[in-house]
Amino acid sequence: QAQLVESGGGLVQPGGSLRLSCQFTGSMFSPGVMGWFRQVPGKQRDLVASITSGGSVEYADSVKDRFTISRNHNTANLQMNGLTPDDTGAYYCAAARYRFRIATPDYWGQGTQVTVSA
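Conventions we followed
Residues numbered from 1 in each chain as written. Predicted model: local features only at pLDDT ≥ 70, side-chain atom pairs only at ≥ 80, totals over all residues. Heavy atoms only, no water. Buried < 20%, exposed > 50% of the residue type's maximum accessible area, 1.4 Å probe, protein only. Helix = DSSP H or I, 4+ residues; strand = E, 2+ residues; numbered from the N terminus. Pairing = 2+ DSSP bridges.

### Brief notes about the pairing of strand β9 (residues 89-96)
Taken across its eight residues, β9 has eight buried, putting it largely inside the fold. Summarising the sheet, strand β4 (residues 33-39) and β9 pair through seven bridges and their orientation is antiparallel. Following the sheet pairing, Gln-39 is matched in β9 by Ala-90. Note that β9 and strand β11 (residues 112-116) share three bridges and pair antiparallel. What sits directly across from Tyr-91, in β11, is Thr-112.

Okay, structure coming up:
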């Protein structure tokens, strides 16, 4: 059964860094696109960054120049630098079979909490 397995996250001080990792397993196909979403209580889940199988990347305006998404086969990593309290939230890895479908992914990870606080 296909699934996304996340690791990383935790508590960090403002200005610090964290790295999230997500591995897609249990399927014969490689996702056309993988990405990370962030959700805070009472709000919708918003796309933070995505990367296609061809290496094309997109970022939310709020994280450009601070976050870097990378991918090695079926593993996607999100390097987060210069973290601020506004980056706090539950981060969910997502994957879609087709590269234009990150907004409606086929698979979700279990979520990992990122808390930025002094």
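### Some details on the pairing of strand β5 (residues 46-52)
Counted residue by residue, β5 has five buried out of seven residues, so it is predominantly covered. Pairing of β4 with β5, which is carried by six bridges, proceeds in the antiparallel orientation. Of the residues in β5, the one forming a bridge with Gly-35 is Ser-50. The turn linking β4 back onto β5 is made up of six residues, and Gly-42 within it adopts a positive phi angle of 85 degrees. Here β5 pairs with strand β6 (residues 57-59) via three bridges, running antiparallel. If you follow Ala-49 over to β6, its bridge partner there is Tyr-59. The turn linking β5 back onto β6 is made up of four residues, and Gly-55 within it adopts a positive phi angle of 95 degrees.

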